[in-house]
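If you want the building blocks of each chain, they are given just below.
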Amino acid sequence: MLQSRTLFGRPLETSLVAVDRAISEFRAGRPVLLRAGDALVLALSAELADAQLVARLEALAGGKASLALTPARLRRLGAKNRTETGILAMPTLDLARIEMLALKIDGKVDAPVAPASALDDAALELSRLSLVLPATIIVPVSAAQVAGEPLIEVAIEAVNSYRAAQAATLAIVGRAPVPLEGAAETEFVVFRGGEGLRDQVAIIVGNPDLTAAVPVRLHSACLTGDLFGSLKCDCGDQLRETVQWMAENEGGILLYLDQEGRGNGISNKMRAYKLQSQGWDTYDADEVLGFDLDQRQFDFAATMLKQLDVTRVTALTNNPLKVGAIKAAGVEVVGTQRVLGRPNVHNVRYLASKRDRAGHSIDMDALMARAAPKD
């Protein structure tokens, strides 16, 4: 059990530290103890459960275990129009049933869906923070049952406030000039914190005028597109063409954010890619996995801008969610500018889905004209 103590006279077990450790445990496939007042539950990632661990939890559960699922996953299981988190009773912890409900494409609801408690919701938030599938085994326990066990305990308030707390602790930890091809005058500024499990980076191209509206792009990391030139998305094109445009137009700032797969993580992104290869739309694929349209938050990006003394921006984006988040965080958006990628046979459906289902400002006619062979 996690105990409060000090290290060199400073509090060691702050809420941030507790959640950091809970995320590490959860990603490793070990149960985490969540507390809401006097109520305690053990939460375990459904995708990481194994037979030995489930048997140990079964002994503690006394027939009262449950599986917490997101509205998106419940809709895919047949709970039509579901908009709230729900739980399914697990009188016995059956791994095959857990896999069917949490992972299988053809899974179906096989029991009544009960309303989720605050503990259940916090457990699912922990799964999202841990970048595993949002499906969590819940086992109510007493303090006596887990006394002496080496468990990480965390209050649900700490889990629910973790993202905002991370944004509040953002700090610059390093910066250096990094000349890029086509943009030799470029500086990388590294921030610790924000969202995700790694550092965030601001790429300052040229010498943007900070007294005017600075061209800014919020770019979520895309390993497949940015690094390997995947044809399934337009991310790599948007990244490189934005930097080139900034270099040719008096500079700007690109925020490179650790939000792989619309915030779902690289493993879930690959799961979604496999579903897309089987004919699923990009957003439907995410819903099968239990995710809604977009898990990303951008408030911490505005904090990065403020620390760079940027208060007014022209947003280089097609995504209205990014524009709204920047405004809501107190940075003035004086205008927007579209960022075009290159359509191809592999990504045209993806681009159309972003336009039709997520409201992105994408002119498919203009994109297709851009891709047309030149005489």
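Think of each chain on its own: its residues are numbered from 1, step by step along the sequence as written. Note on the predicted model: pLDDT of at least 70 is required for a residue's local features to be given, and 80 or more for side-chain atom pairs to be given and counted; whole-chain, interface and lining totals, by contrast, use all residues. Just so you know, side-chain values use all the structure's heavy atoms and leave hydrogens and water out.

Visitor: Would you mind going over the overall build of the chain with me for this structure?
Guide: A run of H or I in DSSP becomes a helix once it reaches four residues, and a run of E becomes a strand once it reaches two; helices and strands are each numbered from the N terminus. Along the backbone of the chain there are 16 helices and 16 strands. As a reference, a globule follows 2.2 Å times the number of residues to the power 0.38, and the radius of gyration itself is taken over C-alpha atoms. In summary, the chain has a C-alpha radius of gyration of 23 Å against a globular reference of 21 Å for 375 residues, a match within 12%. If you line up the chain on its principal axes, its C-alpha atoms span 70 × 55 × 30 Å. With 375 residues in all, the chain has 50% of them scored as buried. A separation threshold of at least 6 residues defines the contact pool for the chain, and within that pool the share at least 24 residues apart is 66%. In the chain, the 41 positive side-chain charges and the 45 negative ones have mean positions that sit 3 Å from each other. A 1.4 Å probe rolled over the protein chains alone gives each residue an accessible area, and that area as a share of the maximum for its type sets the label: buried under 20%, exposed over 50%, partly exposed in between. Throughout, a contact is declared for two residues whenever any of their heavy atoms are within 4.5 Å. As used throughout, the charge tally considers Lys and Arg to be positive and Asp and Glu to be negative, leaving His and the chain termini uncounted. Think of each charge as sitting on NZ of Lys, CZ of Arg, CG of Asp or CD of Glu.

Visitor: Explain the sheet that holds strand β3 (residues 32-36) to me, please; I cannot follow it from the model alone.
Guide: Working definition: the strands of a sheet are paired by backbone hydrogen bonds and lie parallel or antiparallel to each other. When DSSP locates at least two bridges between a pair of strands, those strands are taken to pair. As summarised here, the arrangement of the seven strands in space is β7-β6-β5-β8-β4-β3-β9, forming an open sheet in which the pairing is mixed. Looking at which strands have only one partner, the edges of the open sheet turn out to be β7 (114-115) and β9 (153-155). Inspection of the sheet shows β3 paired to β9 by three bridges, in the parallel sense. Bridged to R35 within β9 is A155. Working convention: axes come from line fits to C-alpha atoms, limited for helices to the stretch in contact. Angles between N-to-C directions cover 0 to 180 degrees. Of the strands in this sheet, β5 (65-69), β6 (86-90) and β8 (135-141) are in contact with helix α4 (residues 95-102), which crosses β6 at around 165 degrees.

Visitor: Which parts of the structure should I look at to understand the pairing of β3?
Guide: Each regular strand carries side chains that alternate between the two faces of the sheet. Relative to strand β4 (residues 39-45), β3 runs antiparallel, the two being bridged by five bridges. When the bridges of β4 are listed, L33 appears paired with L42. Hairpin geometry of β3 and β4 is characterised by an intervening segment of two residues between the two adjacent antiparallel strands and by a positive phi of about 65 degrees at G37.

Visitor: Before we go on, may I ask you to explain the pattern of salt bridges in this structure?
Guide: A side chain of one charge can pair with a side chain of the opposite charge when the charged atoms of the two come close. Should a side-chain nitrogen of Lys or Arg be within 4 Å of a carboxyl oxygen of Asp or Glu, the pair is scored as a salt bridge. One pass over the structure, following the stated rule, counts 23 salt bridges. Between E287 and R75 there is a salt bridge, with its nearest N and O atoms 2.9 Å apart. Taken together, the positions of E287 in helix α12 (residues 282-288) and R75 in helix α3 (residues 71-76) put the pair 212 residues apart, joining distant regions of the chain. Among the residues examined, E287 registers a relative accessible area of 15% and is labelled buried. Overall, the relative accessible area of 27% leaves R75 in the partly exposed class. One continuous salt-bridge network, built from bridges that share partners, spans R75, R76, D281, D284, E287, D292 and R357.

Visitor: How should the pairing of strand β16 (residues 332-337) be read in this particular structure?
Guide: Here five bridges tie strand β15 (residues 312-316) to β16, and the two strands are oriented parallel to one another. Paired with R312 across the strands is E332, a residue of β16.

Visitor: Explain the sheet that holds strand β12 (residues 200-205) here, please?
Guide: The strand order β10-β11-β12-β14-β13-β15-β16 describes an open sheet built from seven strands, whose pairing is mixed. At either margin of the open sheet sits one strand with a lone partner, and together these are β10 (171-177) and β16. Taken over all neighbouring pairs, the strand axes of this sheet differ in orientation by 25 degrees on average, direction set aside. Here strand β13 (residues 214-220) runs beside β15; their pairing, made up of three bridges, is parallel. For V216, the partnering residue across the bridge sits in β15 and is A315.

Visitor: Looking at this structure, I do not really get the nonpolar core. What am I missing?
Guide: Within soluble globular proteins, side chains that are nonpolar tend to cluster in buried spots. In terms of nonpolar packing, the biggest core is built from 28 residues, with L42, L67, L93, I137 and V139 touching the most fellow members. Among the secondary structure elements, those contributing two or more residues to this core are β4, α2 (51-61), β5, β6, α4 and β8. Once you skip the residues sitting within four places of it in the chain, I137 turns out to touch L42, A43, L44, A46, A49, S66, L67, L93 and I98. Residues enter a nonpolar core if they are buried and are Ala, Val, Leu, Ile, Met, Phe, Trp, Tyr or Cys, with the set joined through side-chain atoms within 4.5 Å. One finds L257, A302, V313 and V331 within the second-largest nonpolar core, a separate group that totals 27 residues.

Visitor: Looking at this model, I keep getting lost on helix α15 (residues 348-358). Mind explaining?
Guide: Since the α-helix advances by 3.6 residues per turn, residues separated by three or four positions end up pointing in the same direction. Listed in full, the buried residues belonging to α15 are Y350, L351, A352, S353 and K354. One or two residues past the end of α15 sits G359, with phi positive at roughly 75 degrees.

Visitor: Would you explain unusual backbone geometry in this entry?
Guide: The phi angle of most residues is negative, glycine excepted, and most peptide bonds adopt the trans form. Phi angles above zero are rare outside glycine, and N81 is one such case at about 60 degrees. Tracing the backbone through its elements, the reader meets N81 in the loop between α3 and β6. Note on N81: relative accessible area 71%, which makes it exposed. Positive phi is not limited to glycine here, since R262 has a value of about 55 degrees. Residue position: R262 is located in the loop between β14 (252-257) and α11 (266-277). Under the relative-accessibility criterion, R262 is labelled buried at 13%.

From the geometry alone we can't say anything about function, so treat these as descriptive.
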